[in-house]
Amino acid sequence: MEDERGSSPLGAQRLATLLAVLLIRSDQVVPAEQISRELWGETPPHRTTATLYVCISRLRKFLDRPGRRNPILTRPGGYMLCRAASECDADAFERLMAAGRKNARSGQPEAAAASFDSAIRLWRGAALANVRSGPLVTGFRRRLDEMRIECSEMFAQTRLDLGRHEEVIAPLKSLVTEFPLRETFYRQLMLALYRSDRKSEALGIYDSACRVLDRETGLEPGRDLRQLRHAVLASL
């Protein structure tokens, strides 16, 4: 957690988790019981209410800015964080991804690629990597990760549609390594290599996909991958 000066006065994972929970449920009252479960799991401290109050007080102090009302409000049974949508990267990511999808569907691949690129650039490592993985945080992190994968797939596809085959090869190799069970990335990488006249490498990617999928799932590649392999072989 960093303030506007770039320092991290909170530091403690517990307070970072508290801020994450309130942000995930921003503009909604989060029951104290749910916050406690996110912070301490099934082993809360003896004086849970008092300890939570101290945490909230410290977080309020961290977020306090001259001339602005503190965003954390006390409500019956819990707490609420009020914020503008522009204050959270997750909201900006969703807006950019939605814009990219809309542009792609309306036949504007250049605009779509620009939106997807801007969305991906918002990622700076794993989402909420420094917070405790309670039920709420885990579910939110999983949702963001799935959205990032989907955005990466659409970004790669728009570049392929634009004929940017060479430039997408390196990013797709990284994505295949990061998400070895995601067949879409194998297919896109094979297609980029094939269209770049690197057919033997494309076939090598198919073989790699076969090995990984067989080892991890016991399944063979899906129809799209198999059909692309046949197309590459037929062109040799």
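The coordinates are above.
Residues numbered from 1 in each chain as written. Predicted model: local features only at pLDDT ≥ 70, side-chain atom pairs only at ≥ 80, totals over all residues. Heavy atoms only, no water.

Colleague: Break down the overall build of the chain for me, with residues and values.
Modeller: Broken down by element type, the chain carries 10 helices and three strands. Along the chain, from the amino end to the carboxyl end, the secondary structure elements read α-β-α-α-β-β-α-α-α-α-α-α-α. Expected size for 236 residues packed as a compact globule is a radius of gyration near 18 Å; at 23 Å, the chain overshoots this value by more than 25%. Across its three principal axes, the chain shows a C-alpha extent of roughly 70 × 40 × 30 Å. A buried classification covers 41% of the 236 residues belonging to the chain. Long-range pairs, those at least 24 residues apart, make up 60% of the contacts in the chain with a sequence separation of at least 6. A total accessible area of about 13100 Å² is found for the chain, and carbon and sulfur atoms account for 49% of it. The centroid of the 37 positive side-chain charges in the chain is displaced by 5 Å from the centroid of its 30 negative side-chain charges. (Helix = DSSP H or I, 4+ residues; strand = E, 2+ residues; numbered from the N terminus. Rg over C-alpha atoms; globule rule 2.2 N^0.38 Å. Buried < 20%, exposed > 50% of the residue type's maximum accessible area, 1.4 Å probe, protein only. Contact = heavy atoms within 4.5 Å. Areas by Shrake-Rupley, 256 points an atom, 1.4 Å probe, with all protein chains shown as cover. Lys, Arg positive; Asp, Glu negative; His and termini not counted. Charge placed at Lys NZ, Arg CZ, Asp CG, Glu CD.)

Colleague: Kindly report on the pairing of strand E3 (residues 78-81), identifying the contributing residues and their values.
Modeller: Taking every second residue as pointing to the same face, both faces of E3 are buried, with Gly78 and Met80 on one and Tyr79 and Leu81 on the other. Pairing of strand E2 (residues 72-75) with E3 involves four bridges; the strand directions are antiparallel. Across the sheet, Leu73 pairs through a bridge with Met80, a residue of E3. (Pairing = 2+ DSSP bridges.)

Colleague: Can you lay out the nonpolar core for me, pointing to particular residues and giving the numbers?
Modeller: Leu18, Leu22, Ile35, Leu52 and Leu59 are the most contacted members of the largest nonpolar core, which has 40 residues in total. When contributions to this core are tallied by element, the ones reaching two or more residues are helix H1 (13-24), helix H2 (32-40), helix H3 (48-63), E3, helix H4 (89-105), helix H5 (109-121) and helix H6 (135-161). Setting aside residues up to four positions removed in sequence, Leu18 forms contacts with Ile35, Leu39, Leu52, Cys55, Ile56 and Leu59. (Core = buried A, V, L, I, M, F, W, Y, C linked by side-chain atoms within 4.5 Å.)

Colleague: Lay out the sheet that holds E3 in plain terms, naming residues and giving numbers.
Modeller: Read from one edge of the open sheet, three strands run E1-E3-E2, paired in antiparallel fashion. This sheet does not close on itself; its edge strands, each paired only once, are strand E1 (30-31) and E2. Across two bridges, E1 lies against E3 in antiparallel orientation. Opposite Val30, over in E3, you have Tyr79 as the bridge partner. Here H1 sits on the sheet and contacts E1, E2 and E3; the angle it forms with E3, its principal contact strand, is near 75 degrees. (Axes fitted to C-alpha atoms, helices over the stretch in contact; angles between N-to-C directions.)

Colleague: Now, about the pattern of salt bridges: what can you tell me, with residues and values included?
Modeller: A full pass over the atoms with the stated rule returns 15 salt bridges. A salt bridge links Arg37 to Glu33; the shortest N-O distance between them is 3.9 Å. One end of the pair is Arg37 and the other is Glu33, both in helix H2 and four residues apart, which spans about a single turn. In this structure, the salt-bridge partner of Arg198 is Glu166, at a minimum N-O distance of 3.5 Å. Of this pair, Arg198 sits in the loop between helix H8 (183-195) and helix H9 (199-217) while Glu166 sits in helix H7 (residues 165-178); the two residues are 32 residues apart in sequence, bridging distant segments of the chain. The exposure class of Arg198 is partly exposed, given its relative accessible area of 23%. (Salt bridge = Lys/Arg side-chain N within 4 Å of Asp/Glu carboxyl O.)

Colleague: Let's hear about the packing of aromatic side chains: which residues, and what values?
Modeller: Between two aromatic rings, the relevant description is the distance of the centres plus the angle of the planes. Overall, the coordinates contain two aromatic pairs when judged by the stated rule. Residues Phe93 and Trp123 carry aromatic rings whose centres are separated by 5.8 Å and whose planes lie at 85 degrees to one another, so their mutual orientation is edge-to-face. Residue Phe93 is located in helix H4, and its partner Trp123 is located in the loop between H5 and H6; the two are separated by 30 residues in the primary sequence. Given a relative accessible area of 3%, Phe93 falls into the buried group. Between Phe179 and Phe185, the ring centres sit 6.1 Å apart and the planes meet at 35 degrees, which makes this aromatic pair tilted. Here Phe179 matches Phe185 in class, with each residue buried. (Phe/Tyr/Trp six-rings, centres within 6.5 Å; stacked < 30°, edge-to-face > 60°.)

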